[in-house]
Each structure stands twice: as structure tokens, then as C-alpha cells.
Amino acid sequence: APAMTPVSPVMRSRSLGRRVFGIDVPLDDMKRAAKGIGVSLNDVFVGAVMGGVQRYHEELDSPVPEVRMIMPINVRGSGGGLGGNHFTPARVMMPTTIVDPADRILEVSSRCRRLRAEPAVTMTEQLATVLNLLPRRAATAVMGSMFKGADLVTSNVPGAPFPLYLGGAEIERMYAFGPLSGTATNVTLLSNAGTCCIGVNV
């Protein structure tokens, strides 16, 4: 269903200006946190992002119970090939009032599981086929209505678990600054040889 306006009262403006920065977190710390409460690394990552969004709203005296987030959902089946993209962007409401980090992460994990089980997620290819038949302006309007009402995007991209080299030099950090897609912020985690390199695009 289209969502025409963002939920956040303070993340509504959009401009062509950009600020990008990176945050480094040891991968082992993230894995320990996930194992400690029985969730995935992605749940810990999204839970931490929601904690930051929560503090941001509190600092601006504009607390909000939830924000609308877009995250890619893997739709590659067991028989899917290795090539190409096999994910679909999905929207989900995420909590921004849970103070305890473990409780917040567990709630995020529950919502992510429900989102992945959503029957409409498996209809992405059929919907894309229909959209491709529409005139470009109509297709753009439909897709735009799906994204423009979201507050932020999060994405977790598994990286190489071993050192990578470029021109003989070891790559120490690698950041992915994902597209805003009509939102106010994109936070993307790309793991690289033991470090979670988190790229933030605002």
C-alpha cells in the first residue's frame, strides 16, 4: 500500500545535499551480541540503528513510537542461480521507544521474521513484470509512492571473510554508501575481514 508521507516528524525534508560517513564495529562483537540473545547479526545491526534513530528524535524533543524503514529481503530460492539480484525492497515499521538494547533487538528480530514471511514478498517478480508493461511515468509514480513515505533504509551486505587486495595493497576498510531512494537516510553494513564497515548516507 502506498505511504505518501514519512512517519518521523524530524526526518521529513529531502534535499540534494549529502553527508556521508563511516562507522567501524568489530565483527566478533556483533556476532557475540547476536549469539547472546539468539538472533541474527542483521537483527543486532538494525536494532542498533533504531537505537540511534531513537536518540536522534529524543535530542530534538520529537519522540516517535515507530519509523518506517525499507530493507532488502532475499528472495533467492533454493533452486535460484548465483548470478543477478534476488532481493526485493520491503517496508516495515520499526520501534523507537524501547530503551533496553536487548529488548529492542528482539522486537526488531520478530518484525523482520514477520516481514520475510509476508506472502506478498514472493510476488515481486510478477509485480515487476506488470510494472514493466506500464508507461515509464506510471511505473515511476508507483515505485516512488512505495519509497517516498519511508524514513530510512538499512541494508546488510556480507563481505569477504578474508583479506582483499587492490594493486597489491591490502584493502583495510570498504564502505557501501547505499542510495537514499527517496528516504532521509541509508545505513549499510558491509563486512570486511573482521570489521563491520557501516556506511551512512544522510
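So, here's what we can say about the structure. As the structure is a computational prediction, the values presented were derived from the model and not from experiment.

Conventions and cut-offs
- Residues numbered from 1 in each chain as written.
- Predicted model: local features only at pLDDT ≥ 70, side-chain atom pairs only at ≥ 80, totals over all residues.
- Heavy atoms only, no water.
- Axes fitted to C-alpha atoms, helices over the stretch in contact; angles between N-to-C directions.
- Helix = DSSP H or I, 4+ residues; strand = E, 2+ residues; numbered from the N terminus.
- Parallel < 35°, antiparallel > 145°, perpendicular 65-115°, else oblique.
- Left-handed = near helix turned anticlockwise from the far one by under 90°.
- Contact = heavy atoms within 4.5 Å.
- Nonpolar A, V, L, I, M, F, W, Y, C, P; charged D, E, K, R; others polar.
- Buried < 20%, exposed > 50% of the residue type's maximum accessible area, 1.4 Å probe, protein only.
- Arc of directions from axis to C-beta.
- Salt bridge = Lys/Arg side-chain N within 4 Å of Asp/Glu carboxyl O.
- Phe/Tyr/Trp six-rings, centres within 6.5 Å; stacked < 30°, edge-to-face > 60°.
- Pairing = 2+ DSSP bridges.

### A short note on the packing of helix 2 (residues 41-59) against helix 3 (residues 101-116)
Item 1. At a closest axis distance of 8 Å, the pairing of helix 2 and helix 3 adopts a crossing angle of 120°. Of the possible angle classes, the one that applies to helix 2 and helix 3 is oblique. Considering only the axes of helix 2 and helix 3, their crossing is right-handed. For the pair helix 2 and helix 3, the contacting residues are N42, D43, V44, V46, G47, M50, G51 and Q54 in the first and R104, I105, V108, S109, C112 and R116 in the second.
Item 2. Looking at the contact of helix 2 with helix 3 residue by residue, the classes come out as six nonpolar, five polar and three charged.

### A short note on helix 1 (residues 27-37)
Residue pairs spaced three or four apart in an α-helix point in one direction, given the helix's 3.6 residues per turn.
Item 1. Of all the residues in helix 1, the buried ones are L27, M30 and A34. Taken around the axis of helix 1, the buried residues stretch over an arc of 65°, which confines them to a single face. For helix 1, the exposed residues lying more than 90 degrees away from the buried face are R32, K35 and G36.
Item 2. If you follow the buried residues of helix 1, they end up packed against strand 1 (20-26), helix 2, strand 7 (185-192) and strand 8 (195-201).

### Observations concerning the pattern of salt bridges
Oppositely charged side chains can pair when the atoms bearing their charge come close.
Item 1. Within this structure, the stated rule accounts for four salt bridges.
Item 2. One salt bridge connects R173 with D24, and the closest N-O pair in it is separated by 2.9 Å. Here D24 lies in strand 1 and R173 lies in the loop between strand 6 (169-170) and strand 7, a separation of 149 residues in the sequence.
Item 3. R111 serves as the salt-bridge partner of E66, at 2.7 Å between the closest nitrogen and oxygen. Placement of the pair is E66 in strand 2 (residues 66-74) and R111 in helix 3, with a sequence separation of 45 residues.
Item 4. Residue R111 is classed as buried on the basis of its relative accessible area of 14%.
Item 5. What emerges from the salt-bridge pattern is a single network uniting E66, E107 and R111.

### Points about the packing of aromatic side chains
Item 1. All told, the structure shown has one aromatic pair when counted by the stated rule.
Item 2. Geometrically, the ring pair formed by Y175 and F177 is stacked, given 6.3 Å between the ring centres and 25° between the ring planes.

### Some remarks on the pairing of strand 7
Item 1. Where burial is concerned, most of strand 7 is hidden: eight out of the eight residues are buried.
Item 2. Residue alternation in strand 7 divides its side chains into two sets, T185, V187, L189 and S191 and N186, T188, L190 and N192, and both sets are buried.
Item 3. Relative to strand 7, strand 4 (residues 152-157) runs parallel, the two sharing six bridges. Its bridge partner lying in strand 7, T154 is registered against V187.
Item 4. As paired elements, strand 7 and strand 8 share seven bridges and run antiparallel to each other. Residue pairing in the sheet places L190 in a bridge with C197 of strand 8.
Item 5. Taking the residues between adjacent antiparallel strands as the criterion, strand 7 and strand 8 are bridged by two residues, where A193 takes a positive phi near 50°.

Interpretation note: all reported values are geometric properties and have no functional meaning in isolation.
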